[in-house]
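Working through the structure, step by step
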Amino acid sequence: MSTTITAGHQTITDNTRGISAAIELKNVNKNYKFHGDTVCALQDINLAISEREFVAITGPSGSGKSTLLQIVGGLERPSSGKVFVTSKNIATYHDGALAAFRGKEIGFVFQSFYLQPFLTVEQNIQLPGIFAHIRPKDRADRVRSLLQQIGLEGYDKHLPRQLSGGQIQRVAIARALFHPPKILLADEPTGNLDQENSTHIVRLFQTIRAEFGITVIIVTHNNEIAQIADREIKLNNGRLL
Ligand SMILES: Nc1ncnc2c1ncn2[C@@H]1O[C@H](COP(=O)(O)OP(=O)(O)OP(=O)(O)O)[C@@H](O)[C@H]1O
Ligand SMILES: [Mg+2]
């Protein structure tokens, strides 16, 4: 059967497999065990996100937003259900395959993934390239273009502690774009930032969306981000509204 999904500027149709989205979650549940209790973080999530779509995930604290992002990015497996990312069901992957999948397809901007404090901005951004054995000259070229894109030219030799919170967040975004990924996931990228820094980040995501042509999913409480997104997905109590 033919399925059609409209995402922002484009329509994607796939007649071959019935899977027409960059990301598709089918009947996904996620339970966490905590001191003998079971916490139900996600319940029966069915969701399709198309290629190049820009999605904002919103909802109260504890509603399952970060859990959803971690499942899409292969950092957590669902307790049940299927998670198709670029047509592969990553819910069935073992640890090694999940790690390879993350390295190849996903860029993460998570608050818990801090920059390495003893590495400079330049070294932090090219870290994924070092792991992938990319030549130093190519890494340096890529860093230069990313620094320009995030508006931090001349900051290559700074250490994270010499940067503002917003600048750190921009460097984290540049690092996530190093390869560049097919899917960029960001968890509260403007959390803890003042208005000015937060506006910088919003503009940067607009640029990324326009220039990189990748799928972007952002967990946010920021209205500006929710407004520039193609779609806002609302979670409450582990369920989609
Ligand atoms: N590793 C874990 N072990 C046990 N419970 C967890 C774990 N991670 C999340 N939870 C629980 O799952 C539920 C959803 O958590 P999640 O972090 O996804 O919420 P959230 O919407 O991102 O919240 P916030 O806006 O505060 O970041 C919460 O009840 C939380 O306590
Ligand atoms: Mg969270």
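Just so it is clear, the structure is predicted and the values come from calculations on it, not from any experiment. (Residues numbered from 1 in each chain as written. Chains lettered and ligands numbered in written order. Predicted model: local features only at pLDDT ≥ 70, side-chain atom pairs only at ≥ 80, totals over all residues. Heavy atoms only, no water.)

Describing the packing of helix H5 (residues 136-149) against helix H7 (residues 195-212)
Between H5 and H7, whose axes approach to 11 Å, the crossing angle comes to 130°. Taken together, the axes of H5 and H7 are oblique relative to one another. On H7, the residues that touch Arg142, Leu146 and Gln149 of H5 are Leu204, Glu211 and Phe212. For the contact of H5 with H7, the residue count by class is three nonpolar, one polar and two charged. (Axes fitted to C-alpha atoms, helices over the stretch in contact; angles between N-to-C directions. Helix = DSSP H or I, 4+ residues; strand = E, 2+ residues; numbered from the N terminus. Parallel < 35°, antiparallel > 145°, perpendicular 65-115°, else oblique. Contact = heavy atoms within 4.5 Å. Nonpolar A, V, L, I, M, F, W, Y, C, P; charged D, E, K, R; others polar.)

Here we look at H7
A rise of 1.5 Å per residue sets the reference length of H7, with its 18 residues, at 26 Å; its end C-alpha atoms lie 25 Å apart and thus fit the reference within 8%. All of the buried residues along H7 are Asn197, Ser198, Thr199, Ile201, Val202, Leu204, Phe205, Ile208 and Phe212. Lining the buried residues of H7 we find strand S5 (54-58), H5, helix H6 (165-176), strand S9 (183-187), strand S10 (215-219) and helix H8 (223-228). (Expected span 1.5 Å × (residues − 1). Buried < 20%, exposed > 50% of the residue type's maximum accessible area, 1.4 Å probe, protein only.)

Observations concerning the nonpolar core
Core analysis: the largest hydrophobic core is formed by 34 residues, its most contacted members being Ile125, Leu184, Phe205 and Ile208. Those elements that provide at least two residues to this core are S5, helix H3 (121-125), H5, H6, S9, H7, S10 and H8. With six residues, the single largest contributor to this core is H7. Counting 29 residues, the second-largest nonpolar core is a separate cluster that includes Ala22, Ile71, Val85 and Leu235. (Core = buried A, V, L, I, M, F, W, Y, C linked by side-chain atoms within 4.5 Å.)

So, the sheet that holds strand S6 (residues 80-85)
The strand order across the open sheet formed by four strands is S4-S3-S6-S7, and the pairing between neighbours is antiparallel. At either margin of the open sheet sits one strand with a lone partner, and together these are strand S4 (37-49) and strand S7 (88-89). Here two bridges tie S6 to S7, and the two strands are oriented antiparallel to one another. Within S7, the residue paired with Phe84 across the bridge is Asn89. Relative to strand S3 (residues 23-34), helix H1 (residues 65-72) is tilted by about 120°, and along the sheet it contacts S3, S4 and S6. (Pairing = 2+ DSSP bridges.)

Description of unusual backbone geometry
Going from His179 to Pro180, the amide bond is cis rather than trans, its omega being -20°. Among the secondary structure elements, Pro180 is positioned in the loop between H6 and S9. Positive phi values are uncommon outside glycine, yet Thr86 reaches one of about 40°. Residue position: Thr86 is located in the loop between S6 and S7. The exposure class assigned to Thr86 is partly exposed, which follows from its relative accessible area of 24%.

Let's talk about the site of ligand 1
Taken together, Tyr32, Val39, Ala41, Pro60, Ser61, Gly62, Ser63, Gly64, Lys65, Ser66, Thr67 and His221 make up the full set of residues adjacent to ligand 1. Taking Ser63, its main chain carries an N or O atom lying 3.2 Å from an oxygen atom of ligand 1. Note that an oxygen atom of ligand 1 is positioned 2.7 Å from one of the side-chain N or O atoms of Lys65. With the chains in place, 62% of the 630 Å² that ligand 1 exposes on its own is no longer accessible. If you list the elements that add at least two residues to the shell around ligand 1, you get S4 and H1. Residues that form the shell around ligand 1 fall into these classes: four nonpolar, seven polar and one charged. (Near = heavy atom within 4 Å. Polar contact = N/O pair within 3.5 Å; in protein donor to acceptor, adjacent residues only side chain to side chain. Areas by Shrake-Rupley, 256 points an atom, 1.4 Å probe, with all protein chains shown as cover.)

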